[in-house]
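Notes for the structure review
Chain by chain, the residues run as shown.
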Amino acid sequence: MPYKYFEEYNEQVTEDIKARYKSIIEDLGEDVSRDGLLKTPERASKAMQFLTQGYNQDAAEILKSAMFKESYNEMVIVKDIEVYSLCEHHILPFFGKAHIAYIPNGHIVGLSKLPRIVDVFSRRLQVQERLTQQILDCINDTLKPQGVAVVIEASHMCMMMRGVQKQNSVTTTSGFRGQFEKIETRNEFLKLISNTFS
């Protein structure tokens, strides 16, 4: 059986965004009736809905769906979580990695849920600073751990393709709550995410 890929989109929203993309492409001086662009407005409409699907998802509910009572109370780290988002200033991508740690306080969470909440908040029009804060606050408020830490390292196409055009720049943002506000705990986390485990 041939491969079949299926995504579900709101038909009215798709048509509305498609019409707008068609007008934008025409305003740029292109011919939307030529072969290469014939289906571009629809593809762009669906792509934008996919890239902003986080508006329709609840990160706290995702965490709550996989919280388990557990007495473990040492640091839990999930590092190198891929991040793909859209800068709200130019609607250009920024991408990189997120590193998350928390110290349980009676509950742990399924490890796959941490990358899931990164996706929920990154699949919106964003700035990296807010993205970092939203991930941090969601884990802190929902899981109520002894502490939580988030670091994001990302490259921004708005800096690489336009404006200052600095291709090798990387932006790092961080946030810390609870036990991670103590310098020794914070330093342990930062050391662990900078090491490569073999």
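Residues numbered from 1 in each chain as written. Predicted model: local features only at pLDDT ≥ 70, side-chain atom pairs only at ≥ 80, totals over all residues. Heavy atoms only, no water.

**Digging into the packing of aromatic side chains**
As enumerated under the stated definition, the model contains two aromatic pairs in all. Judged by centre distance (5.8 Å) and plane angle (75 degrees), the ring pair of F180 and F189 falls under edge-to-face. The pair formed by F180 and F189 is uniform in burial state, with each residue classed as buried. An aromatic cluster of at least three residues, connected via ring pairs, comprises F176, F180 and F189. Cation over ring: R186 sits above F176, and NZ or CZ is 4.3 Å from the ring centre. (Phe/Tyr/Trp six-rings, centres within 6.5 Å; stacked < 30°, edge-to-face > 60°. Buried < 20%, exposed > 50% of the residue type's maximum accessible area, 1.4 Å probe, protein only. Lys NZ or Arg CZ within 6 Å of the ring centre and 35° of its normal.)

**Describing the layout of surface pockets**
The calculated volume of the largest pocket comes to roughly 490 Å³. I17, M48, Q49, F50 and T52 are, among the 19 residues lining the largest pocket, the residues nearest its centre. Of all the secondary-structure elements, those providing two or more residues to the lining of the largest pocket are α1 (11-27) and α2 (40-51). Here the element with the most residues in the lining of the largest pocket is α1; it accounts for five residues. Taken together, the residues that form the lining of the largest pocket break down as 11 nonpolar, five polar and three charged. Here the second largest pocket is characterised by a volume of approximately 150 Å³. C87, H89, H90, F94, Q126, V127, Q128, E129, H156, C158, M159 and T171 together form the lining of the second largest pocket. For the lining of the second largest pocket, the secondary-structure elements that each account for two or more residues are α5 (128-143) and α6 (157-160). (1 Å grid on protein atoms, 1.4 Å probe; cavity = no way out; pocket = protein on both sides within 12 Å on 5 of 7 lines; lining within 4 Å. Points joined across faces, edges and corners; volume = space filled by probe spheres on them. Helix = DSSP H or I, 4+ residues; strand = E, 2+ residues; numbered from the N terminus. Nonpolar A, V, L, I, M, F, W, Y, C, P; charged D, E, K, R; others polar.)

**Re the packing of α1 against α2**
Between α1 and α2, the least distance of the axes is 8 Å, while the angle of their chain directions is 120 degrees. Taken as axis vectors, α1 and α2 run oblique relative to one another. With respect to the hand of their crossing, α1 and α2 are arranged in right-handed fashion. Contacts from V13, T14, I17, K18, Y21, K22 and I25 in α1 reach T40, P41, E42, A44, S45, K46, M48 and Q49 in α2. Looking at the contact of α1 with α2 residue by residue, the classes come out as seven nonpolar, four polar and four charged. (Axes fitted to C-alpha atoms, helices over the stretch in contact; angles between N-to-C directions. Parallel < 35°, antiparallel > 145°, perpendicular 65-115°, else oblique. Left-handed = near helix turned anticlockwise from the far one by under 90°. Contact = heavy atoms within 4.5 Å.)

**Details of the side chain of T52**
Mapping T52 onto the fold places it in the loop between α2 and α3 (59-64). With residues near it in sequence (within four places) discarded, T52 still touches R123, R124 and L125.

**A short note on unusual backbone geometry**
A positive phi angle, near 60 degrees, is found at D80, a position not held by glycine. By the secondary structure assignment, D80 is in strand β2 (residues 76-87). Given the relative accessible area of 36%, D80 is considered partly exposed. Its identity as a non-glycine residue notwithstanding, K144 has a phi of 50 degrees, on the positive side. Following the sequence through the fold, K144 ends up in the loop between α5 and β6 (147-156).

**Quick word on the side chain of R123**
Along the chain, R123 falls in the loop between α4 (113-122) and β5 (125-126). No salt bridge is formed by the buried R123, whose closest oppositely charged neighbour, D119, lies at an N-O distance of 5.0 Å. In contact with R123, not counting residues within four places along its chain, are F50, L51, T52, Q53, G54, Y55 and Y84. (Lys, Arg positive; Asp, Glu negative; His and termini not counted. Salt bridge = Lys/Arg side-chain N within 4 Å of Asp/Glu carboxyl O.)

**A closer look at the nonpolar core**
Counting 29 residues, the largest nonpolar core has I100, L114, I135 and I139 as the members making the most contacts within it. Elements supplying a minimum of two residues to this core: α3, β2, β3 (93-103), α4, α5 and β6. The dominant element in this core, judged by the number of residues it contributes, is α5, at six residues. Beyond its immediate sequence surroundings of up to four residues, I139 is in contact with L63, I100, L114, I117, K144, P145 and V148. Counting residues in hydrophobic clusters, the runner-up holds nine residues, among them M75, V151, F180 and F189. (Core = buried A, V, L, I, M, F, W, Y, C linked by side-chain atoms within 4.5 Å.)

Function cannot be inferred from these measures alone, as they are strictly geometric.
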